[in-house]
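The chain contents come next:
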Amino acid sequence: MSNFKHIVTWIETHYWAFIVGLFLLTRLFIVFFPTTEYSDVTHYYERYANFWRYGMEPYFEHLYEYPPASVPVLYLPLELDQRGWGKYYLNYRVETFLIESLLFVAMFFTVKKFWPRQEVKRKSLLVYIGLSLLASDWLYEGIDLTFTTTIFLSYLSILWLEPKKFASKVVFWTLFWLSTSIKFLTLPLMVPLYLLTKTDFKKDLVAVLIGFLLIWGGPILYFRSALSVSFIYNAGRPLKYSSFPSYMVQVANVFTESEIQSTLAPDFEFIGPVSNNVSQIVKILYPLSILYVLALSALMAWKNQHPDEELRYTPAGLIRLCKWIFQPTNLAPDDRFYLMLRTHALYLFVTFFTAKIFSQPYHLWYLPLIALYPFDRRIWPKIIAAIALMYILDLTSWLAYPLWFRHWLANQGVGFEPNVIRDIFRYIPMLGALTYFLTRTPAPALHKS
């Protein structure tokens, strides 16, 4: 017992060294003890890298679904492999660990500098490390963590750099455009992010363009219209089996028994009349939901900058709103940061419910947000528990139905997959998180003394 007290005392005294050591220890475990299941890195990424090494250019000569900044990320591990440094799979995992380390270092110093409340400081990084351990089988198995690092470094730069300085704006927008060149997902967020960072319209516009040209200028000049291959590929994909719309199809299929699941990777879509109808609905619902989030985020930015002024939906009110778009924001950096996090959360969770594609690694897209967001003190444990439940259900096999149980159900004549029932518990906490971000404003006072 006395030894345990000594350990607790040492941790309290050397807490930040403990956090760094815990991060490194968990990452060494994740890097060197990967999942034995399927891996996109070995099945897709290494194949793409070999295409490029032997002269087949992405977009021009073979289908490639990711934007151009992903190319060097996928290719570098093979280049090191060919030079006698490791093997592709391990090299890729180490590379992703190094990229994540940039994010962790930025979070570490942000929490130390800007979160004066000790209990919040200690919770933030522990939450990040704990949830990432639940996601350990997926953490370094794709490009999602690299994508997440770029967009969150963009957000964190708001706290560290003077927002009115032109160089700060260029850094922010360059990191933003870098995220879009790894995954297109963040592109619509340009609208709310501009509204939250604007200080001088001309400088803002030039910074946006410079950031765009730094990241996208070269690829556009080289690949030109061939870059549209990624858009066309993703636009043409069917409902992925793990998406929420596909779940609705599976629920309906319990009663209709009209759908058949395809065996073609990566979507394993359901085929039948219900799937066709849901697909048509998603084509309309998804863009409308994105427009809704953008409008809502613009309204949030307005209300936070004009707390005592009511926005009237009259011609005069709309003119006032249009003028505001070109006026500087008067928000403090921390308020901008928290509104960015809330907008990011709303955008992702709405997307999870309305998009036709969803994969397990998508949970990594909001992992830093859960650690950094100023949740209401009373609701905070419930949010963490809900996110942990989603991670356990989606990213681990701890609560999966055993194969023998599925065979037993089939032998009993049960015509539906038991995960139809299990997956309800994936979407209940997801809906709870979405509801929280829709109805609760950030509480930055929780991060202040």
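Refer to the structure presented above.
Model, not experiment: these values are computed from the prediction. (Residues numbered from 1 in each chain as written. Predicted model: local features only at pLDDT ≥ 70, side-chain atom pairs only at ≥ 80, totals over all residues. Heavy atoms only, no water.)

A.B. asks: Looking at this structure, I do not really get the overall build of the protein chain. What am I missing?
C.D. replies: Of the regular secondary structure elements, the protein chain holds 21 helices and two strands. Taken over C-alpha atoms, the radius of gyration comes to 23 Å for the protein chain, in line with the 22 Å a tight globule of 449 residues would show. Taken along its principal axes, the extent of the C-alpha atoms in the protein chain is 70 × 65 × 50 Å. Counted over contacts in the protein chain with a minimum sequence separation of 6, partners at least 24 positions apart contribute 76%. (Helix = DSSP H or I, 4+ residues; strand = E, 2+ residues; numbered from the N terminus. Rg over C-alpha atoms; globule rule 2.2 N^0.38 Å. Contact = heavy atoms within 4.5 Å.)

A.B. asks: When you look at the packing of aromatic side chains in this model, what are you seeing that I'm missing?
C.D. replies: Aromatic ring pairs are defined here through the distance separating the ring centres and the angle between the ring planes. Tallied over the full model, the rule gives 56 aromatic pairs. A ring pair is formed by Tyr59 and Phe223, whose centres lie 4.9 Å apart and whose planes are at 80°; its orientation type is edge-to-face. Of this pair, Tyr59 sits in the loop between helix 3 (40-53) and helix 4 (70-82) while Phe223 is found in helix 11 (residues 201-223), placing the two residues 164 residues apart along the sequence. Seen in terms of ring centroids, Tyr247 and Tyr427 are 5.1 Å apart; in terms of plane orientation they differ by 40°. Their pairing is tilted. Of this pair, Tyr247 sits in helix 13 (residues 244-256) while Tyr427 sits in helix 21 (residues 424-439); the two residues are 180 residues apart in sequence, bridging distant segments of the chain. In terms of burial, Tyr247 and Tyr427 fall into one category: buried. (Phe/Tyr/Trp six-rings, centres within 6.5 Å; stacked < 30°, edge-to-face > 60°. Buried < 20%, exposed > 50% of the residue type's maximum accessible area, 1.4 Å probe, protein only.)

A.B. asks: Whenever I open this one, the side chain of Gln250 confuses me. Can you help?
C.D. replies: Within the fold, Gln250 resides in helix 13. Looking at Gln250, the relative accessible area reads 12%, which means it is buried. With sequence-adjacent residues up to four places away left out, Gln250 is seen in contact with Tyr241, Phe270 and Val420.

A.B. asks: Just checking my understanding: could you explain empty space enclosed by the protein for this structure?
C.D. replies: Here the idea is plain: a probe the size of a water molecule rolls over the atoms and shows the empty space left. Under the definition given, this model contains one cavity of 30 Å³ or more. Approximately 90 Å³ is the volume found for the largest cavity. Lining the largest cavity are Ser157, Ile158, Leu161, Pro163, Ser168, Lys169, Phe172, Trp173, Thr197, Asp204 and Arg336. Examining the composition of the lining of the largest cavity, we find that four residues originate from one element, helix 9 (residues 166-180), more than from any other. (1 Å grid on protein atoms, 1.4 Å probe; cavity = no way out; pocket = protein on both sides within 12 Å on 5 of 7 lines; lining within 4 Å. Points joined across faces, edges and corners; volume = space filled by probe spheres on them.)

A.B. asks: I'm lost on the nonpolar core in this one. Help?
C.D. replies: The nonpolar side chains of a soluble globular protein tend to be buried with one another. Leu74, Tyr128, Phe349 and Tyr366 are the most contacted members of the largest nonpolar core, which totals 125 residues. Residue contributions to this core peak at 13 residues, all from helix 16 (residues 333-354). If we skip the residues at most four places from it in the chain, Tyr128 touches Phe23, Arg27, Glu100, Leu103, Phe104, Met107, Leu145, Leu367, Pro368 and Ala371. Core analysis: the next-biggest nonpolar cluster, separate from the first, contains six residues, Leu239, Phe270, Val278 and Val282 among them. (Core = buried A, V, L, I, M, F, W, Y, C linked by side-chain atoms within 4.5 Å.)

A.B. asks: I tried to follow the packing of helix 14 (residues 273-305) against helix 15 (residues 315-325) on my own but got confused; where do I start?
C.D. replies: For any two helices packed against each other, the geometry comes down to the angle between their axes and how far apart the axes lie. The interhelical angle for the contact between helix 14 and helix 15, taken along N-to-C directions, is 85°, at an axis separation of 12 Å. Looking at the two axes, helix 14 sits roughly perpendicular to helix 15. Residues Ala298, Ala301, Trp302 and Gln305 of helix 14 touch helix 15, and the partners they reach there are Arg320, Leu321 and Trp324. Looking at the contact of helix 14 with helix 15 residue by residue, the classes come out as five nonpolar, one polar and one charged. (Axes fitted to C-alpha atoms, helices over the stretch in contact; angles between N-to-C directions. Parallel < 35°, antiparallel > 145°, perpendicular 65-115°, else oblique. Nonpolar A, V, L, I, M, F, W, Y, C, P; charged D, E, K, R; others polar.)

A.B. asks: Could you clarify how one ought to interpret a nonpolar patch on the surface in this entry?
C.D. replies: Taken together, the side chains of Leu28, Phe29, Phe32, Phe33, Leu90, Val94, Leu98 and Leu133 present a nonpolar region at the surface, about 760 Å² in accessible area. Among the elements of the structure, helix 2 (15-32) and helix 5 (88-114) are those that each provide at least two residues to the nonpolar patch. Examined against the element boundaries, Leu133 turns out to sit in helix 6 (residues 118-134). (Patch = residues over 30% accessible without salt bridge, like charges linked within 9 Å, V, L, I, M, F, W, Y side chains within 5 Å. Areas by Shrake-Rupley, 256 points an atom, 1.4 Å probe, with all protein chains shown as cover. Salt bridge = Lys/Arg side-chain N within 4 Å of Asp/Glu carboxyl O.)

A.B. asks: What's the story with the pattern of salt bridges in this structure? I'm lost.
C.D. replies: Pairing between side chains becomes possible if they bear opposite charge and their charged atoms approach one another. Tallied over the entire structure, the rule returns eleven salt bridges. Linking Glu79 and Arg83 is a salt bridge whose minimum nitrogen-to-oxygen distance equals 2.7 Å. Under the relative-accessibility criterion, Arg83 is labelled exposed at 61%. Between Asp204 and Lys169 there is a salt bridge; the shortest N-O distance is 2.5 Å.

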